[in-house]
Amino acid sequence: MGIVTRFTPCANSEALPLYRERLTAALPVDHALAERDAVEWDDLRDEKILIQEWDDSQSTRELYASLLGQSARFHPHPASKQSVFALVAAGFGVTLATASQAEVTVPGVVFRPIAETNASVQIDLVWRPELEDAAVGRFVAYLRDETRSRRLR
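All residue numbers refer to positions counted from 1 along the written sequence of the respective chain. Totals for whole chains, interfaces and linings use all residues, but because this is a predicted model, local features are given only for residues with pLDDT of at least 70 and pairs of side-chain atoms are given and counted only at 80 or more. Side-chain descriptors were evaluated using all non-hydrogen atoms of the structure, hydrogens and water having been removed beforehand.

Peer 1: How do you make sense of the side chain of D124 when you look at a structure like this?
Peer 2: Within the secondary structure, D124 is located in strand β7 (residues 120-127). Look at D124 and you get buried, because its relative accessible area is 4%. Secondary structure elements are defined from DSSP: runs of H or I of at least 4 residues count as helices, runs of E of at least 2 residues count as strands, and each element is numbered from the N terminus. Exposed residues in this analysis have more than 50% of their type's maximum accessible area, buried residues have under 20%, and partly exposed residues fall in between, with area computed by a 1.4 Å probe over protein chains only.

Below, the structure written as structure tokens:
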């Protein structure tokens, strides 16, 4: 069981959409776009886009490419998001971050909202039905009811 983005591969799993989270651009503090109140996809297309990526999963690249286009200059790093933010702070490129990630202070990095209607990512609860027990079933039912009652989708 986990809470993941829609683009995260989860074979043989059930998924419950929970909510959508806005995306922001993570920029070095001295970057020209850091002076703006918000950025758009066109502003980011020519940038070096730093992404988390491992040999067995290109889900982040697929997500970013769906938003920026296949011609975007992706530079993969098999590292944590905090490590990618450190690379941004050092001036090696820019990256995308969720609004909740942007709430954390990262020295040398500023976060700017992306002023596009599709600048969000779907967050899902996933679980393996064959491993579901009573506690998992009740938890899934609870989140399903909460999602509906709060209209989090």
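Peer 1: Explain the packing of aromatic side chains to me, please; I cannot follow it from the model alone.
Peer 2: Any aromatic ring pair is given by two values, namely how distant the centres are and how the planes are angled relative to each other. Only rings of Phe, Tyr and Trp enter the pairing, Trp through its six-membered ring, and a pair is recorded when the two centres are within 6.5 Å. The plane angle decides the type: under 30 degrees is stacked, over 60 is edge-to-face, the rest tilted. If you walk through the whole model with that rule in mind, you get 1 aromatic pair. Where F85 meets F111, the ring centres are 5.5 Å apart and the plane angle is 85 degrees; that geometry is what we call edge-to-face. With a gap of 26 residues between them, F85 in helix α3 (residues 81-89) and F111 in strand β6 (residues 109-113) connect regions that are remote in the sequence. Overall, F85 belongs to the buried group, its relative accessible area being 1%.

Peer 1: Before we go on, may I ask you to explain α3 in this structure?
Peer 2: Each α-helix winds once per 3.6 residues, and so residues spaced three or four apart point in a common direction. Along α3, the residues classified as buried are K81, V84, F85 and V88. Buried residues in α3, looked at end-on, bunch into an arc of 105 degrees, giving them a common side. In this fold, the buried residues of α3 make contact with β2 (14-28), β3 (48-52), α2 (59-68), β5 (95-98) and β6. A positive phi of about 90 degrees marks G91, the residue just after α3. Starting at the helix axis, one direction is taken to each C-beta atom, and the arc is that of these directions. Two residues qualify as a contact provided that any one of their heavy atoms is within 4.5 Å of a heavy atom in the partner residue.

Peer 1: Help me understand the pattern of salt bridges in this model?
Peer 2: It is possible for side chains bearing opposite charge to pair when their charged atoms get close. Should a side-chain nitrogen of Lys or Arg be within 4 Å of a carboxyl oxygen of Asp or Glu, the pair is scored as a salt bridge. If you walk through the whole model with that rule in mind, you get 2 salt bridges. R36 is paired through a salt bridge with D43; the nearest N and O atoms lie 2.9 Å apart. A relative accessible area of 22% means that D43 is categorised as partly exposed. Across the salt bridge formed by R45 and D42, the nearest N and O atoms sit 2.2 Å from each other.

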